[in-house]
Amino acid sequence: MRLRFSPAFAVGFAILLTGFSFTERWMRYPRPDEILMIFQDRFPDGFIHPAMEMNSCRQLTTDNRSFLGDNRPADGKPIVAEPNLHFAKWYASCLADAVGNEVAFLIRRQSQAQAGSVDSKVLEWLPAPTEPSLREEMRDLIHKAGTQQKPANPAVSISPELRIYIVTQVVARLIGPDPVLNGKGPLFSAQQLRQQVLASVDALDFSEAGFQSMGFKTRLQHSESSIFGYLAATMLVVGLQDEFLMQ
Amino acid sequence: MRFRTWALSLSIGLVLSQTSLATAAEFLSPHGVLEKASRRLRQNQLPSAADYAELETAIAVGNLDAFMDQKVLSYARSDRFAHGMTFRLLEDFEVLTSGNLGRNVWSRQPVPPYGEREDTLTRFFFKLAKENQSWDRLLTGTSYEVPIYETALVRFQGRTDPDFLRELLDGPNPSSQLDPVFVPRAPRHSRNLQEPARPEIKLLTFPERTPFLAGAVTTNRFFERYTNVALNKNRRRAAALFKIFLCDPMVPAIENGLDKKHEYLARAFPKEWSLSIQDIRTRLKSTDAEIHGHDAQCFSCHYKLDPVGQTFQASGLNLSRSLSPGALIYKNALGNKVDLPVSGINDLAHRITEQDDYVACQVRKFWRWFVGTDIPLDDSRLQQLVRIFNHMNHQPQDFAAYLTRTEEFRTFPRKIDRIDFSTVRPHLNRCDSCHHGVKTKSGDALPQFAMSFAQLQTDHRPWLLKMQERMNRTDFRRMPMDWQSWREDDLTSVRLWVQQSINDLAPEVAK
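Residues numbered from 1 in each chain as written. Chains lettered and ligands numbered in written order. Predicted model: local features only at pLDDT ≥ 70, side-chain atom pairs only at ≥ 80, totals over all residues. Heavy atoms only, no water.

Visitor: Give me the overall build of chain B: which residues, what numbers.
Guide: Regarding its fold elements, chain B presents 24 helices and four strands. Per-residue burial for chain B yields a buried fraction of 51% across its 511 residues. Across chain B, every contact between residues at least 6 apart in sequence was considered, and the portion connecting residues at least 24 apart equals 69%. Summed over all atoms, the accessible surface of chain B reaches about 24400 Å², with 54% contributed by carbon and sulfur. (Helix = DSSP H or I, 4+ residues; strand = E, 2+ residues; numbered from the N terminus. Buried < 20%, exposed > 50% of the residue type's maximum accessible area, 1.4 Å probe, protein only. Contact = heavy atoms within 4.5 Å. Areas by Shrake-Rupley, 256 points an atom, 1.4 Å probe, with all protein chains shown as cover.)

Visitor: Tell me about the environment of Phe 87 of chain A, and please be specific about residues and values.
Guide: Here Phe 87 of chain A shows up in helix α3 (residues 85–112). With 72 residues separating them in the primary sequence, Phe 87 of chain A and Ser 159 of chain A have C-alpha atoms 36 Å apart.

Visitor: An account of the pattern of salt bridges is needed here, citing residue identities and associated values.
Guide: Taken as a whole and assessed by the stated rule, the structure comprises 25 salt bridges over all chains. A salt bridge links Asp 178 of chain A to Arg 194 of chain A, with the shortest nitrogen-to-oxygen separation between them at 2.6 Å. Of this pair, Asp 178 of chain A sits in helix α7 (residues 178–182) while Arg 194 of chain A sits in helix α8 (residues 190–203), and the two are 16 residues apart along the sequence. A relative accessible area of 31% means that Asp 178 of chain A is categorised as partly exposed. A salt bridge links Arg 235 of chain B to Asp 306 of chain B, with the shortest nitrogen-to-oxygen separation between them at 2.6 Å. (Salt bridge = Lys/Arg side-chain N within 4 Å of Asp/Glu carboxyl O.)

Visitor: Break down the side chain of Thr 140 of chain B for me, citing the residues and quoting the values.
Guide: Here Thr 140 of chain B is to be found in helix α9 (residues 137–140). Those residues in contact with Thr 140 of chain B, other than ones at most four positions away along the chain, are Gly 215, Asn 346, Ala 349, His 350 and Thr 353 of chain B.

Visitor: Residue-level account of the side chain of Asn 234 of chain B, with values.
Guide: Here Asn 234 of chain B is to be found in the loop between α12 (220–225) and α13 (235–246). If near-sequence neighbours (up to four positions away) are discounted, Asn 234 of chain B is found in contact with Asn 228, Gly 309, Phe 312 and Gln 313 of chain B.

Visitor: Explain the pairing of strand β4 (residues 337–342) of chain B to me, using residue names and the numbers behind them.
Guide: Residues and elements named next belong to chain B. By the bridge criterion, six bridges tie strand β3 (residues 326–331) to β4 in an arrangement that is antiparallel. Bridged to Leu 328 within β4 is Leu 340. Taking the residues between adjacent antiparallel strands as the criterion, β3 and β4 are bridged by five residues, where Gly 335 takes a positive phi near 90°. (Pairing = 2+ DSSP bridges.)

Visitor: Lay out the nonpolar core with the relevant residues and their values.
Guide: Membership of the largest hydrophobic core comes to 95 residues, with the highest contact counts inside it found for Trp 135, Phe 222, Leu 241, Phe 245 and Phe 399 of chain B. Not counting the four nearest positions on each side in its chain, Trp 135 of chain B is found in contact with Met 85, Leu 89, Leu 128, Tyr 358, Gln 362, Phe 366, Trp 369, Phe 389, His 394 and Pro 396 of chain B. (Core = buried A, V, L, I, M, F, W, Y, C linked by side-chain atoms within 4.5 Å.)

Visitor: Before we move on, could you go through the state of the cysteines and cite the residues and values that matter?
Guide: Residues and elements named next belong to chain B. For the structure on display, the rule yields one disulfide over all chains. Sulfur-sulfur distance for the disulfide between Cys 247 and Cys 361 comes to 1.9 Å. Judged by the sign of its S-S torsion, about 75°, the bond between Cys 247 and Cys 361 is right-handed. Remark: Cys 361 occurs in helix α18 (residues 356–371) and Cys 247 occurs in the loop between α13 and α14 (258–268); sequence separation between them is 114 residues. By relative accessible area, which is 30% here, Cys 247 ends up partly exposed. On the basis of relative accessible area, Cys 361 is assigned to the buried category, the value being 0%. (Disulfide = S-S within 2.5 Å.)

Visitor: Can you break down the packing of helix α6 (residues 160–174) of chain A against α8 of chain A residue by residue, with the values?
Guide: All names here are of chain A. Where α6 meets α8, the closest approach of the two axes is 10 Å, and the angle between their N-to-C directions is 115°. Between α6 and α8 lies a crossing of right-handed hand. Side by side, α6 and α8 meet where Arg 163, Ile 164, Val 167, Thr 168 and Val 171 of the first sit next to Leu 193, Arg 194, Val 197, Leu 198 and Asp 202 of the second. Counted by class, the contact of α6 with α8 contains six nonpolar, one polar and three charged residues. (Axes fitted to C-alpha atoms, helices over the stretch in contact; angles between N-to-C directions. Left-handed = near helix turned anticlockwise from the far one by under 90°. Nonpolar A, V, L, I, M, F, W, Y, C, P; charged D, E, K, R; others polar.)

Visitor: Which residues make up unusual backbone geometry, and what values go with them?
Guide: All names here are of chain B. Between Met 479 and Pro 480 the backbone carries a cis peptide bond, its omega angle lying at -5°. For Gln 43, which is not a glycine, the phi torsion comes out positive at approximately 50°. Along the chain, Gln 43 falls in the loop between α3 (30–41) and α4 (49–60).

Visitor: Please give an account of helix α21 (residues 421–435) of chain B that cites residues and values.
Guide: Residues and elements named next belong to chain B. Its maximal kink placed at His 427, α21 deviates by approximately 30°. For α21, the complete set of buried residues consists of Phe 421, Val 424, His 427, Leu 428, Cys 431 and Asp 432. Where α21 is buried, its residues contact α22 (449–452), α23 (461–471) and α24 (488–504). Positive backbone phi, at 85°, marks Gly 437, one or two positions downstream of α21. (Bend = angle between axes of the 7 residues up to and from the residue.)

Visitor: Before we move on, can you summarise the packing of α3 of chain B against α4 of chain B with the specific residues and values?
Guide: When two helices pack together, their arrangement is given by the angle between the helix axes and the distance between those axes. Residue and element names in this part refer to chain B. Running from amino to carboxyl end, α3 crosses α4 at an angle of 140°, the nearest separation of the two axes being 11 Å. Judged on the interaxial angle alone, α4 and α3 are oblique. As α3 runs across α4, the sense of the crossing is right-handed. Between α3, through Pro 30, His 31, Leu 34 and Glu 35, and α4, the contact on the second element is made entirely by Asp 51, Tyr 52, Leu 55, Glu 56 and Ile 59. Among the residues forming the contact of α3 with α4, the class breakdown is five nonpolar, one polar and three charged. (Parallel < 35°, antiparallel > 145°, perpendicular 65-115°, else oblique.)

Shown next, in the form of structure tokens:
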């Protein structure tokens, strides 16, 4: 709340929300201002990170204005009717930045937390599981944040049950709880989405080079802990689902 | 009072029981409805965990309908709703242009959120949505929040909102006077260069039915967007009113295609003429039946544009206190001619809001914004909604919240299996690279497909049939000639689009 409409935020946010839209269709991509609002809502601490104030995600430039849905001054209609490849690249890069900053923020908070405790912000993303063994495992991994060597693939050091738990939590927070997902149509289920996300996250190459090769300039180099790396990757994958963005 | 209106509207009985329908396969679950309502009403904001918890409690105690009524209404009362509506209105008025944006980018001045935005029109929209004023105030409103900038900033930005309203400020009417001399600049050393330049906002309230005011229409940004020249006679502004408030598409009578355009324009301005501006003015004032204003096809628009345009005549660059009488003349949805003389722009605004077509048009917009274009709105349903909209005194928050409680809102989204022109345009460009301008045996030049097919017209059908025939051939005349180098998906898209367009353009009998 303290940062919601800070001047720094207003610069990029309001610039983008001033003059952009896409053509209305049966399922409409949100306008760039709505996308920024989605980022702001879903990654409240990452999206307003000072590092993002003046980057391409939060600022309109001659390079990105047309594909973001700029309107023709002559008739007020969108120049580009539908999001194109450039839009997808902008979106993915912006999402990766927001996720990277969000996780970096969580790690910083956790490193400042009292020994043996879990920071409240971390708990918002990863509430303690009811299952005792899972709870212990997660707690242990969180406490090791910043002290553990970055593994080539953090998934290998996390039990399958905990991975499913993390995916469930992230999906619930970024898209909605099971009843919402199950109510989206006969061909869609929460279980199906989670399986899809889980498979995608597990297939990711977590090394920095891997992310770079995908074009994501993430700040995952900060997330030296396996659990935070896994959390970031899950956020990223969920953020790329249609259900995250579209109504 | 508002709540009573809301409750009454629900009692009309058009909303079916949420609980009984939730289990049907084609409807969203209550959780899904809450999420969708929250996203549509609050610019994609998700319901909070507490909202979901309350929902589950409501389901458990059998209080679902009352809970949903209360919750969606609270969403519609939020600032996010007002922000969303502001943006929708800016789009609808087609004033959402980067031209309004440039100075903020290049001067790197932070731009405040909508409710605090610097232009009168945006603030007008936000206030209307936030205060749940009657939707008619878009046309009949007489209260403005006018930003006053420092002189130095104003100079290079052209005409400002205070400039536009200057003539009004000389009279006794405004409840608070604007200072046309602007706010003096602070000494340079005391100014923080990083500090955003924020205008001083003055509230300017005129009495109801002030004859020279018409809500959002009599604002600087509307006038700048729909510019006028002497020849145009405010027809552009008149056309905007028909488009925005009566959903009249105002398709140009002059058909697309250079030859025909020249043919029609020649009726007004024959090629052999050597005309001065004065000649043109004289010609337009004449009663010669040959001039384009009297041509039957041209007159299909001019009979309604001209009298509405006259009501703007008193105002040039700036808003004037003088009145210019005109008339609201058009054919309504029933095919009856409406002919209402008006004394000025405010009278015109009130006349428009009294039209059934106006209400139906606005209801359709709300439907598109909140229910979605994938769910069809038939005439009988439209009439039901018009009655409800009237019953709610045209209040946007209440009506938007109501729409999210309808049965249609809870149905699953349906994909419309149509190929969009933007999908095929790049492929048609490939066709144009060889065929554009080539003449057929009969002497007709092939149109530029990627341009002219953007707005399909009846006489395009023969070309489309020809394209279809050529694409389906198997001999050397098959098109595209280099079809092996095309992706199968692209060819399929073009084929489907051609077929779809042929069907669209089929004569009514064939349909």
